[in-house]
Amino acid sequence: MRRRVLQVKHAVLRHLAVPGLTLLIGIGSAFAQSGDTRAQDQSGKPAAANAAAADATKDNQRKTDEFVEASQAINGPGGNPECVWLGRRVVRLMWLDDLDTAFRHLDLYDRFGCPGGHVQATFRCLTRFGGQIDDKVAKSLSDRIHACWINPGAQPQAAAAASPTPSTAGAAAAPASPQPATPQPAGSPTAPPK
């Protein structure tokens, strides 16, 4: 009985082995005839590959220059490359309303000992320039985030305030931008007369 079972297994395996071997030989010859498709694609487009490599090199150089600029402009840990990279990333994610990811990055930012107040000041600066950020212009947001990271106290230029109205001979010109009223210190309240 046992011998009969083994004979049946061998017969089945022989019947499956021949078609399987034929399939493997067919696939192997198909690969051999087609050649290396990657080599064919690369030989047809060497200029495009060189241009992409040049763009990548230019982009890496720009990033390196931004880190050097930040380290020269910011004293302390806010100018460290890891703080610059993580901090700008946090600000970008906050601007794009991806707060969950921004908070995860902010935790990592804090673990590197980076100043949390710099992220707040940069985001505050970015909100001041919100009207100048154009989604259709490439790197508009990235450039503005970097500029705000370097100088969080930057103010947008008001085009209307740049050209004051001409004044007449005897009248004084009005200030270009209104000054906010400063609150006067509250003294002791006076009792109403009786």
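Scroll up to find the structure this text is about.
Summary of the structure given here. For every chain, the first residue of its written sequence is number 1, and the numbers climb from 1 along that sequence. Local features are withheld for residues below a pLDDT of 70 in this predicted model, meaning they are given only at 70 or higher, and side-chain atom pairs are given and counted only at 80 or more; totals for whole chains, interfaces and linings count all residues. Side-chain calculation: all heavy atoms of the structure are included, whereas hydrogens and water are not.

**Overview of the environment of D110**
Counting from the N terminus, the helices are the DSSP runs of H or I reaching at least four residues and the strands are the DSSP runs of E reaching at least two. Examined against the element boundaries, D110 turns out to sit in helix α5 (residues 99-111). For the pair D110 and L86, spaced 24 residues apart in sequence, the C-alpha to C-alpha distance is 9.6 Å.

**Some points on α5**
Relative to the 18 Å expected for 13 residues at 1.5 Å per residue, α5 spans 18 Å between its end C-alpha atoms, a close match to the ideal helical length. We call a residue buried when its accessible area falls under 20% of the maximum for its residue type, exposed when it is over 50%, and partly exposed in between, using a 1.4 Å probe and counting protein chains only. Among the residues of α5, T101, A102, H105 and Y109 are the ones counted as buried. Projected down its long axis, α5 carries its buried residues within an arc of 100°, all on one side. Along α5, the residues that are exposed and aim more than 90 degrees away from the buried face are D100, R104 and R111. In this fold, the buried residues of α5 make contact with α4 (81-95), α6 (116-128) and α7 (140-150). G113 sits one or two positions beyond α5 and adopts a positive phi of about 80°. Expected span of a helix, by definition, is 1.5 Å for each gap between consecutive residues, and there is one gap fewer than residues. Directions pointing from the helix axis toward each C-beta atom define the arc. The contact rule is simple, with two residues in contact once any of their heavy atoms fall within 4.5 Å.

**A few points about the state of the cysteines**
Cysteine sulfurs are considered disulfide-paired once they come within 2.5 Å of each other. In total, this model carries 2 disulfides according to the counting rule given. The disulfide that involves C83 links it to C114, with 1.9 Å between the sulfurs. What sets the handedness of the C83 and C114 disulfide is the S-S torsion sign, and at about -85° it is left-handed. In this pair, C83 sits in helix α4 while C114 sits in the loop between α5 and α6, placing the two residues 31 residues apart along the sequence. Note on C83: relative accessible area 0%, which makes it buried. You can call C114 buried: its relative accessible area is 7%. Disulfide partner of C125: C148, at an S-S distance of 2.2 Å. When the S-S torsion is -65°, as for the bridge of C125 with C148, the disulfide is left-handed. Here C148 lies in helix α7 and C125 lies in helix α6, a separation of 23 residues in the sequence. Overall, the relative accessible area of 0% leaves C125 in the buried class. Under the relative-accessibility criterion, C148 is labelled buried at 0%. With cysteine numbering restricted to those in disulfides and following the sequence, the chain has the pairing 1-2, 3-4.

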